[in-house]
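Okay, here's what each chain looks like letter by letter:
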Amino acid sequence: TLRNLTTIAEDEVRKALAGLPDELRERLTKVPVFFEGRPNSEDLLPLDTLGVFEEGVPIPRIRLWLENLWEYAGEDERTFREEVRVTLLHEIGHALGWDEEDVRQRGLE
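How each quantity is defined
- Residues numbered from 1 in each chain as written.
- Predicted model: local features only at pLDDT ≥ 70, side-chain atom pairs only at ≥ 80, totals over all residues.
- Heavy atoms only, no water.
- Phe/Tyr/Trp six-rings, centres within 6.5 Å; stacked < 30°, edge-to-face > 60°.
- Lys NZ or Arg CZ within 6 Å of the ring centre and 35° of its normal.
- Salt bridge = Lys/Arg side-chain N within 4 Å of Asp/Glu carboxyl O.
- Helix = DSSP H or I, 4+ residues; strand = E, 2+ residues; numbered from the N terminus.
- Buried < 20%, exposed > 50% of the residue type's maximum accessible area, 1.4 Å probe, protein only.
- Polar contact = N/O pair within 3.5 Å; in protein donor to acceptor, adjacent residues only side chain to side chain.
- Contact = heavy atoms within 4.5 Å.
- Pairing = 2+ DSSP bridges.
- Axes fitted to C-alpha atoms, helices over the stretch in contact; angles between N-to-C directions.
- Core = buried A, V, L, I, M, F, W, Y, C linked by side-chain atoms within 4.5 Å.
- Expected span 1.5 Å × (residues − 1).
- Arc of directions from axis to C-beta.

Novice: Outline the packing of aromatic side chains, listing residues and values.
Specialist: Within this structure, the stated rule accounts for one aromatic pair. Over the aromatic face of phenylalanine 34 sits the side chain of arginine 61, whose NZ or CZ is 5.5 Å from the ring centroid.

Here's what the structure looks like:
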């Protein structure tokens, strides 16, 4: 269920953020992470999107779509945890101003 996926994702996000250097963690304190099921038509994104960084709506935020991540992970908890971490770090890269090439060069695709 979405509640169970949220609990797992919150745990992974907490661990991933704790593993970042203090300077980065501090820069991200004003970038909340939202957990949702799937994008809807109002999001104007492909329905299979895993995550996105949005600037100033009204605050910057990262959104993770857990049902899409769960399916992408083949409904395997271990793989889901890894995909949550990788997707979060990818979106953190965008939050720090990195473009897709910067993110790719850092192995966060």
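Novice: I'd love a proper account of the pattern of salt bridges, names of residues and values included.
Specialist: Under the definition given, this model contains 14 salt bridges. For arginine 38, the salt bridge identified is with glutamate 67, shortest N-O distance 3.1 Å. In this pair, arginine 38 is assigned in the loop between strand 1 (33-36) and strand 2 (51-54) and glutamate 67 in helix 3 (residues 66-72), connecting sequence segments 29 residues apart. Assessed through its relative accessible area of 27%, glutamate 67 is described here as partly exposed. When salt bridges that share partners are traced, they join Asp11, Glu12, Arg14, Lys15, Glu77 and Arg81 into one network.

Novice: Quick rundown of the side chain of glutamate 54? Include the residues and the values.
Specialist: Counting through the fold element by element, glutamate 54 comes out in strand 2. What makes glutamate 54 buried here is its relative accessible area of 17%. A distance of 2.5 Å separates polar atoms of two side chains, one belonging to glutamate 54 and the other to arginine 61. One polar contact links glutamate 54 to arginine 63, side chain to side chain, over a distance of 3.0 Å. Aside from chain neighbours lying at most four places away, what touches glutamate 54 is Ile59, Pro60, Arg61 and Arg63.

Novice: So what about the sheet that holds strand 3 (residues 61-65)? Which residues, and what values?
Specialist: The three strands lie next to each other as 1-3-2, forming an open sheet whose pairing is mixed. Across the chains shown, the open sheet's two edge strands, defined by having one partner strand only, are strand 1 and strand 2. Sheet twist, expressed as the average angle between the axes of neighbouring strands with direction ignored, equals 20 degrees. Strand direction decides the pairing type here: strand 2 and strand 3, joined by four bridges, are antiparallel. Its bridge partner being in strand 3, phenylalanine 53 is matched across the sheet by isoleucine 62.

Novice: With reference to specific residues and values, describe the nonpolar core.
Specialist: Among the nonpolar cores identified, the biggest contains 22 residues, and Ile62, Leu64, Leu66, Leu69, Phe80, Val84 and Ile92 are the most heavily contacted of them. Sorting the residues of this core by element identifies helix 1 (2-18), strand 3, helix 3 and helix 4 (77-95) as the ones contributing at least two each. Leaving out residues up to four positions away in the same chain, valine 84 has contacts with Ala9, Glu12, Val13, Leu64 and Leu69.

Novice: Provide a residue-level description of helix 1, including the pertinent values.
Specialist: Here helix 1 spans 24 Å end to end across 17 residues, near enough to the 24 Å set by a 1.5 Å rise per residue. Residues of helix 1 that are buried include every one of Leu5, Thr6, Ile8, Ala9, Glu12, Val13 and Ala16, and no others. Looking straight down helix 1, one finds its buried side chains confined to an arc of 165 degrees; they lie on one side. Opposite the buried face of helix 1, at more than 90 degrees from it, the exposed residues are Arg3, Arg14 and Ala18. As for helix 1, its buried residues are in contact with strand 1, strand 3, helix 3 and helix 4.

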